[in-house]
Amino acid sequence: MRIGPPWSDSHTIRKEWMPDYALENAHGGRVAGVDEVGRGPLAGPVIAAAVMFLSGVPGALADRLDDSKKLKPKVRQQLYDVLHVTPGVLIGVAGASVAEIEHYNILRASWIAMQRAVGRLPQSPELVLVDGNAAPDFGCPAQCVVGGDAISLSISAASVVAKVVRDRLMTRLARRWPGYGWDRNAGYGTAIHRAALMADGVSPHHRAAFGTVRRIMQASVSPSSPQSAEQPSC
């Protein structure tokens, strides 16, 4: 169940510097922030994280947490480590596989990952703050916050956790499937990744149903190539 409209752009303008804990404090109960990483890449799963601060956000974290896309990898890793050792910080992480992305579509798969992440929190939230303008059913009230990873500290913490987990996963996959540059591009459609798709084809971890992947693979098979022109023998 969603409560209220998505957080307005006026708040985003007023909060142009750093996220804060205003939305969580306004509720007063157990509030989890949820964010996902990996909707846009051509390969790999989508990962979601849920973070809930039971006793507010320690100053050292509050002063450094931000939208994960704005943070350098070293800073994200440091924040990830601090979040995991800070008392009163509950974390749930989950994903949706490439097969689920193919079956449901990327939006539905992202929602599945979010639901699983919230379900893995050690305590159930009373409210879920979701980055974006739509949310799945969490079994409790949810509020959409457009640009939430730059507004809510809980959501920004979730964005950091999800980003670090997914980057680590793609780095591991890159060792088994070298050439695509996943350790550097995390599965996004960079020039190196596209060139490798043209040269080597798709791996089991590519989202074959994505239009970009299909177009690249179609372009890699020239109608005049020997294989496509070959006729079966009698």
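Everything below is about the structure shown above.
A brief look at the structure comes next.

### As for the packing of aromatic side chains
Stage number 1. One pass over the full model with this rule turns up two aromatic pairs.
Stage number 2. Measuring from centroid to centroid gives 6.3 Å for tyrosine 21 and phenylalanine 53, while their planes differ by 80 degrees, and the two rings are edge-to-face. Taken together, the positions of tyrosine 21 in the loop between α1 (9–14) and α2 (22–27) and phenylalanine 53 in strand β2 (residues 46–53) put the pair 32 residues apart, joining distant regions of the chain. As far as burial versus exposure is concerned, tyrosine 21 and phenylalanine 53 are alike and both buried.
Stage number 3. Pairing tyrosine 180 with tryptophan 182 gives two aromatic rings, centres 5.1 Å apart and planes at 15 degrees, and the pair type is stacked.
Stage number 4. Judged by its relative accessible area of 4%, tyrosine 180 falls in the buried class.

### Let's talk about unusual backbone geometry
The phi torsion of most residues other than glycine is negative, and most of the peptide bonds are trans.
Stage number 1. Unusually for a residue other than glycine, asparagine 105 sits at a positive phi of about 95 degrees.
Stage number 2. Mapped onto the secondary structure, asparagine 105 falls in the loop between α5 (98–104) and α6 (106–119).
Stage number 3. Positive phi, normally seen in glycine, also occurs at alanine 186, with a value near 55 degrees.
Stage number 4. Accessibility expressed as a relative area gives 8% for alanine 186, which makes it buried.

### Structural notes on the pairing of strand β3 (residues 89–96)
Stage number 1. Burial analysis of β3 places six of its eight residues in the buried class, the great majority of the element.
Stage number 2. As paired strands, β2 and β3 are joined by eight bridges and run antiparallel to one another. Its bridge partner lying in β3, valine 51 is registered against isoleucine 91.

Reading the values: the criteria
In every chain, residue numbers begin from 1 and rise along the written sequence. It should be noted that, the model being predicted, local features are given only for residues of pLDDT at least 70 and side-chain atom pairs only at 80 or more, the latter also being counted only at that level, while totals for whole chains, interfaces and linings use all residues. The side-chain values count all of the structure's non-hydrogen atoms but skip hydrogen atoms and water molecules. Ring pairs shown here join Phe, Tyr and Trp side chains whose ring centres sit within 6.5 Å, with only the six-membered ring taken for Trp; geometry is labelled stacked below 30 degrees between planes, edge-to-face above 60, and tilted in between. Runs of E in the DSSP output that reach at least two residues are strands. Runs of H or I that reach at least four are helices, and both are numbered from the N terminus. Only protein chains enter the accessibility calculation, which uses a 1.4 Å probe; a residue whose area is less than 20% of its type maximum is buried, one above 50% is exposed, and one in between is partly exposed. Strand pairing requires that DSSP identify at least two bridges connecting the strands.

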